[in-house]
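Commentary on secondary and tertiary structure
Letter by letter, the chains look like this.
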Amino acid sequence: MLYFSKWKIWGIIAVCVAAILFTIPNFLSKATLSGLPGWVPQRQINLGLDLRGGSYLLLEIDTAAVIRDRLDTATDAARTALRTANIGYTELAGADRSVTVHLRDAGQADAALTALGDIGSRTAAGQPEFKVDSAADGKITLTLTDASLTDRIGKAVEQSIEIVRRRIDETGVNEPQIARQGADRILVQLPGVQDPDRIKRLLGQTAKMTFRLLDPNGDAVGGKAPPGSEILQGYARAGTNGAAPRYVVRRKVEVDGADLTDARAATNSQSAEWVVSFEFNSSGARRFAQVTQQNVGRPFAIVLDDKVLSAPVIREPITGGRGQISGNFTAQSANDLAVLLRAGALPAPLQVIEERSVGPDLGADSIRAGILSCLVGLVLVATYMIIGYGIFGLFADLAVIVNLFMTLAALSLLQATLTLPGIAGILLMLGMSVDANILINERIREETRRGRTPFAAMEAGFKRAFSTILDSNLTTLIKMIILFLLGSGTVKGFAVTISLGIIISLFTATVLVRLMMVTWLRRRRPAMLPV
Amino acid sequence: MYYVRLVPDDTHIPFMRGRYAGLITSAVLSIASIILFFYPGLNYGTDFRGGIAIEIRTPGPADFPALRGDLGQLNMGQVQLQQFGSTRDVLIRVERQAGDDTAQQKAADVVKQNLAEKFPGTEVRGVEAVGASVSDELFRNGMTALGLAILAMLAYISFRFEWQFGLGAVITLVLDVTKTVGFFAVTGMQFNLTAVAAILTIMGYSINDKVVVYDRVRENLRVYKKMALRELIDLSINETLNRTLGTSLATFLATIPLAIFGGEALQEFALVMLFGIVIGTSSSIFIAAPILLFLGEHKLRRGQTREAPAPVAPAAGKGT
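No experiment lies behind these values; they were computed from the predicted model shown. (Residues numbered from 1 in each chain as written. Chains lettered and ligands numbered in written order. Predicted model: local features only at pLDDT ≥ 70, side-chain atom pairs only at ≥ 80, totals over all residues.)

1. Thoughts on the overall build of chain A
- If you tally the helices and strands in chain A, you get 13 helices and 19 strands.
- For 531 residues, the compact-globule estimate of 2.2 N^0.38 gives 24 Å, and the C-alpha radius of gyration of chain A, at 35 Å, exceeds that figure by more than 25%.
- On the principal axes, the C-alpha backbone points of chain A span a range of 110 × 65 × 40 Å.
- Buried positions account for 44% of the 531 residues belonging to chain A.
- In chain A, once contacts between residues fewer than 6 apart in sequence are set aside, the share between residues at least 24 apart is 70%. (Helix = DSSP H or I, 4+ residues; strand = E, 2+ residues; numbered from the N terminus. Rg over C-alpha atoms; globule rule 2.2 N^0.38 Å. Buried ≥ 20, exposed ≤ 12 C-beta atoms within 10 Å, placed from the backbone. Contact = placed C-beta atoms within 7 Å.)

Structure (structure tokens):
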């Protein structure tokens with residue numbers, strides 16, 4: 001155990017030097033780094049949001065809305081299919097997770113089943129989207145299967161991530177991280193954003209915009225809408241101090257916001273009001289031209305998320321595919337709406353269910369506190385080791401410092417995130433790492449007192465202490481893996497640094513220290529070991 | 001050469017004589033902790049209870065009565081104010097608002113707006129708002145982590161040692177953890193994810209300590225085939241005393257700076273760790289060893305034949 005071959009010694013030294021080399025980028029600024037030649041390691045440790053400042057938002061997609069949307073379209077499709085097939089029915093409705101319909105004539109069940117067979121799509125695995133049940137009394141139930149629901153929600157989440165990314169990119173945040181979490185959640189990390197209010201506002205809107213006609217037959221005040229129309233709220237005008245107006249709006253969507261290619265905030269040259277000007281793509285422009293041509297003199301509604309933004313009267317056909325929305329905007333709200341329209345609508349509403357924001361000052365304070373604690377901790381532990389074990393304690397201290405460098409190097413290489421609890425982990429790891437050397441030194445001391453020669457005592461010390469060291473490191477490692485799997489956010493960082501430190505300490509506290517001690521022993525050849 | 005020793009090398013302290021005292025004290029403390037856990041209960045942090053925590057820095061020394069009065073009339077239920085660090089730093093904690101997950105968001109906005117209006121110049125340094133579904137999940141995961149960790153330890157120690165060791169270590173671990181929970185109840189420190197991390201670390205630490213003593217017991221079982229278990233355990237504890245105390249002191253020293261400089265977030269973590277190190281170290285001697293004595297009195301001595309014969313006879317004889 002005490003013999004080290006030449007290549008092994010060089011190997012150990014090379015590992016230590018490499019560790020220091022890979023740690024260097026963390027002490028240099030990004031600008032200095034990019035100026036250095038390419039062979040210099042470039043990777044830096046990712047600082048967690050709690051250290052660099054920023055916002056962490058956990059969003060949850062409204063799965064009920066996703067299901068409701070799907071059932072609505074399926075109900076429409078069923079209506080069309082039954083009408084085309086000339087099958088009489090009552091009570092067609094979508095609720096919970098299924099669409100139900102009662103046939104007037106239970107004898108037409110087979111024909112109805114054939115007609116309804118096409119309305120569902122297929123899941124990714126090729127299974128039908130709906131499970132079809134038919135009862136003897138002519139009641140047919142189409143139920144969304146679990147697999148198709150998972151599929152659909154998964155797709156909605158993927159789409160939402162894309163839209164969320166576009167919206168956040170529009171705000172100019174640097175390096176946002178957007179990732180799916182679990183079945184129906186999206187994790188958004190915004191470095192450097194202290195007050196995420198604007199982003200929360202932008203993400204809190206579905207931004208589904210539609211252009212529809214007003215229904216002249218309804219009674220908005222009385223709350224009665226003819227079939228095919230609905231009553232929607234508008235926004236109270238500034239200065240009028242009155243209640244928000246209500247409109248009777250046709251359900252039929254003439255032009256969809258998805259057909260927009262551009263939207264910008266602008267000021268109207270005449271009224272100096274803030275407006276949002278928009279531009280349609282070619283098919284949208286064609287539809288818009290057609291609708292405005294046919295409805296000159298009538299009002300139409302621009303509806304955003306089930307609220308009427310404005311309801312202007314069409315004065316002349318709009319054929320250029322461009323238009324303006326005026327809706328009592330401020331510069332900020334006009335800009336926000338333009339961003340939302342450019343980025344597109346979310347497939348379903350998102351809710352912020354968890355927020356953690358840390359200002360950059362607080363983060364900097366934490367870094368300072370962490371570094372100070374680490375330095376003081378290192379000095380205390382190092383002093384204790386030297387007082388207790390002399391030169392062997394000093395070797396252990398050197399090993400701990402190498403361990404610190406190697407942990408930082410590993411964090412840089414793995415691009416792991418260092419959090420405030422992670423710094424606490426580094427400190428604890430310092431203590432645990434010298435624990436191994438205390439066990440070894442105590443054992444060597446014991447063997448020496450039993451009358452063994454220095455070489456024999458050292459050999460026995462390392463050999464006997466090793467299983468204890470391995471046991472204690474493995475038990476801690478098991479706990480940290482559990483914590484990493486079940487913990488969340490910054491606590492994961494704690495598990496990461498301790499785990500890395502423990503694994504590295506198996507090298508530094510045993511192999512590296514052994515090399516130092518053996519080298520020292522060969523040079524000095526003391527009659528008694530100084531422990 | 002002469003170095004400072006924590007305890008002299010040749011101690012012969014009859015620890016097992018105090019085995020009943022140790023176990024009874026530990027049991028009483030743990031039972032008291034369990035009672036405290038239910039009444040008055042723990043101060044659950046935002047992670048586990050949901051709600052809002054806002055960290056602010058006021059332009060001058062914080063005016064607590066004014067802040068309390070102002071936030072109290074927002075009708076948000078229980079509002080806690082806590083000073084930390086300087087006199088200008090205040091942590092505002094508001095209990096979970098009724099309603100869905102977005103209710104926390106809205107409430108946090110109201111508090112921030114209110115602060116901006118009534119206490120101009122106040123800097124909001126950090127915000128946490130956690131909805132019920134998230135906090136429930138975090139709590140469940142935290143408890144699962146603790147449960148899994150205990151099971152994993154039982155399995156690991158039983159695998160590496162005889163089952164008596166495994167059971168002894170895990171009973172001690174449970175006693176340690178209950179006392180740590182009691183520490184949270186008595187001090188009113190926040191019980192959150194960081195607290196779970198602290199408890200897991202203490203568990204790891206405590207087990208490490210047990211492994212040192214148990215390793216020696218196992219070794220001595222092979223060396224001193226005729227010695228009574230009680231005597232043998234005493235011998236093993238005395239032999240490893242410098243190790244048990246030394247490793248604890250090293251970790252203790254590493255943790256102290258965190259308790260002093262660590263700031264609001266890490267201070268509590270560090271204090272719990274310090275408490276846990278003391279508990280974990282003392283329980284190795286006063287709890288884990290006696291339990292091993294009770295569980296193994298007749299059984300462990302019989303198992304010796306299947307072990308390999310003693311590898312090394314001690315050169316200096318009994319009592320080194």
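2. Some thoughts on the overall build of chain B
- On a plain count of helices and strands, chain B comes out with 10 helices and six strands.
- Taken against the 2.2 N^0.38 rule, which gives 20 Å for 320 residues, the C-alpha radius of gyration of chain B at 25 Å runs more than 25% over that of a compact globule.
- Put simply, chain B has 320 residues, and 48% of those count as buried.
- Long-range contacts, defined as pairs at least 24 residues apart, comprise 79% of the intrachain contacts of chain B with a sequence gap of at least 6.

3. Things to note about the pairing of strand S9 (residues 209–213) of chain A
Residues and elements named next belong to chain A.
- Along S9, five of the five residues are buried, which leaves the element largely enclosed by surrounding structure.
- The side-chain alternation of S9 yields two buried faces, one formed by Met209, Phe211 and Leu213 and the other by Thr210 and Arg212.
- Pairing of S9 with strand S15 (residues 300–304), which is carried by five bridges, proceeds in the antiparallel orientation. When the bridges of S15 are listed, Arg212 appears paired with Ala301. (Pairing = 2+ DSSP bridges.)

4. Some thoughts on helix H13 (residues 490–524) of chain A
- In this model, H13 of chain A (35 residues) spans 48 Å end to end at C-alpha, consistent with the 51 Å of a helix rising 1.5 Å per residue.
- At Ile504 of chain A, H13 of chain A shows its maximal kink, close to 35 degrees. (Expected span 1.5 Å × (residues − 1). Bend = angle between axes of the 7 residues up to and from the residue.)

5. Side note on the interface of chain A and chain B
- Chain A puts 59 residues into the contact, and the matching count from chain B is 61 residues.
- Of all the secondary-structure elements, those providing two or more residues to the side of chain A that touches chain B are strand S2 (54–61), strand S18 (350–358), helix H10 (360–414), helix H11 (420–449), helix H12 (454–486) and H13 of chain A.
- By residue number, the principal contributor to the side of chain A that touches chain B is H10 of chain A, which donates 16 residues.
- Sheet topology places S18 of chain A next to strand S5 (residues 123–130) of chain B; five bridges connect them, and they run antiparallel. Bridge pairing in S5 of chain B places Val358 of chain A opposite Gly126 of chain B.

6. A word on the sheet that holds strand S7 (residues 177–181) of chain A
- Spatially, S7(A)-S8(A)-S2(A)-S18(A)-S5(B)-S2(B)-S4(B)-S3(B) is the arrangement adopted by the eight strands of the open sheet, whose pairing is antiparallel. Every other strand in the sheet has two partners, leaving S7 of chain A together with strand S3 (79–83) of chain B as the edge strands with one partner each. Here the average twist between neighbouring strands, direction ignored, is 20 degrees.
- Lying over the sheet, helix H3 (residues 64–72) of chain B contacts S3 and strand S4 (89–94) of chain B, oriented at roughly 160 degrees with respect to S3 of chain B. (Axes fitted to C-alpha atoms, helices over the stretch in contact; angles between N-to-C directions.)

7. A short note on the environment of Pro349 of chain A
All names here are of chain A.
- Structurally, the position occupied by Pro349 is in the loop between helix H9 (331–343) and S18.
- With 72 residues separating them along the chain, Pro349 and Ser277 place their C-alpha atoms 25 Å apart.
- Sequence-distant contacts of Pro349, that is, excluding residues within four places in its chain, are made with Asp62, Ala65 and Thr206.

8. Brief notes about the confidence of the model for chain A
- Summary statistics for chain A give a mean pLDDT of 86 and a share of 98% for residues scoring 70 or more.
- Across chain A, the secondary-structure element scoring lowest on mean pLDDT is helix H5 (residues 109–116) of chain A, at 77, and the one scoring highest is strand S8 (residues 185–191) of chain A, at 93. (pLDDT = per-residue confidence, 0-100.)

9. Some details on the domain arrangement of chain B
- Here the domain parsing of chain B yields domain 1 (15–43 + 135–306) and domain 2 (51–130).
- Taking only C-alpha atoms into account, the centre of domain 1 of chain B sits 39 Å from that of domain 2 of chain B. (Domains from an automatic or database assignment.)

10. Some remarks on the nonpolar core
- In this structure, Val276, Leu341 and Val381 of chain A together with Ala289 of chain B are the most contacted members of the largest nonpolar core, which totals 224 residues.
- No other element matches H10 of chain A, which puts 22 residues into this core.
- Apart from residues no more than four positions distant in its own chain, Val381 of chain A is found in contact with Leu430, Gly431 and Val434 of chain A together with Ala250, Leu253 and Ala254 of chain B. (Core = buried A, V, L, I, M, F, W, Y, C linked by C-beta atoms within 7 Å.)

11. A closer look at the pairing of strand S13 (residues 260–267) of chain A
Residue and element names in this part refer to chain A.
- Bridge count between S13 and strand S14 (residues 274–280): seven bridges; the pairing is antiparallel. Residue Arg264 lies in a different strand from S14, and its bridge partner there is Ser277.
- Hairpin remark: S13 followed by S14, antiparallel, with six residues in the connecting loop; positive phi at Ala272, about 60 degrees.

12. Topic: unusual backbone geometry
- Put simply, Tyr39 of chain B and Pro40 of chain B share a cis peptide bond, and its omega is 10 degrees.
- In this structure, Pro40 of chain B sits in the loop between helix H1 (19–38) and strand S1 (43–44).
- Positive phi outside glycine occurs at Arg525 of chain A, with the angle close to 50 degrees.
- The residue Arg525 of chain A is located in the segment after H13 in this model.
- Arg525 of chain A gets classed as exposed once you count the C-beta atoms within 10 Å, which come to 9.

13. Some points on the domain arrangement of chain A
- Segmenting chain A into domains produces domain 1 (6–53 + 359–524), domain 2 (54–190) and domain 3 (204–346).
- Using only C-alpha atoms to locate each centre, domain 1 of chain A and domain 2 of chain A end up separated by 53 Å.

14. Quick notes on the confidence of the model for chain B
Residues and elements named next belong to chain B.
- For chain B, mean pLDDT is 86; residues scoring 70 or higher make up 93% of the total.
- Within the model, pLDDT remains below 50 along residues 302–320, and this stretch shows 17 contacts once partners closer than five positions in the same chain are excluded.
- With pTM at 0.82, the complex prediction returns an ipTM value of 0.86.

15. Side note on helix H8 (residues 282–294) of chain A
Residue and element names in this part refer to chain A.
- Taking 1.5 Å per residue, 13 residues should reach 18 Å; H8 reaches 19 Å between its end C-alpha atoms and fits that length.
- All of the buried residues along H8 are Gly284, Ala285, Phe288 and Thr292. For H8, the buried positions fall inside an angular range of 95 degrees around the axis, keeping them on one side. More than 90 degrees from the buried face of H8, the exposed residues found are Ser282, Ser283 and Gln294.
- Against the buried residues of H8 lie strand S12 (255–256), S13 and S14. (Arc of directions from axis to C-beta.)

16. Examining the sheet that holds strand S17 (residues 322–329) of chain A
Residue and element names in this part refer to chain A.
- As summarised here, the arrangement of the three strands in space is S13-S14-S17, forming an open sheet in which the pairing is antiparallel. If you trace the sheet from one side to the other, it starts and ends with S13 and S17, each paired once. Strand-to-strand twist in this sheet, taken as the mean axis angle between neighbours without regard to direction, amounts to 25 degrees.
- Sheet strands touched by H9: S13, S14 and S17. Its angle to S13, the strand with the most contacts, is close to 170 degrees.

17. Section: the environment of Val40 of chain A
- Mapped onto the secondary structure, Val40 of chain A falls in the loop between helix H2 (30–35) and strand S1 (46–47).
- Separated by 19 residues in sequence, Val40 of chain A and Leu21 of chain A place their C-alpha atoms 8.1 Å apart.

18. Structural notes on the environment of Thr145 of chain A
Residue and element names in this part refer to chain A.
- You can see Thr145 is positioned in the loop between strand S6 (139–144) and helix H6 (146–170).
- A residue is classified by how many C-beta atoms lie within 10 Å of it, and Thr145, with 16 of them, is partly exposed.
- Through-space distance from the C-alpha of Thr145 to that of Ala338 is 38 Å; in sequence the pair is 193 residues apart.

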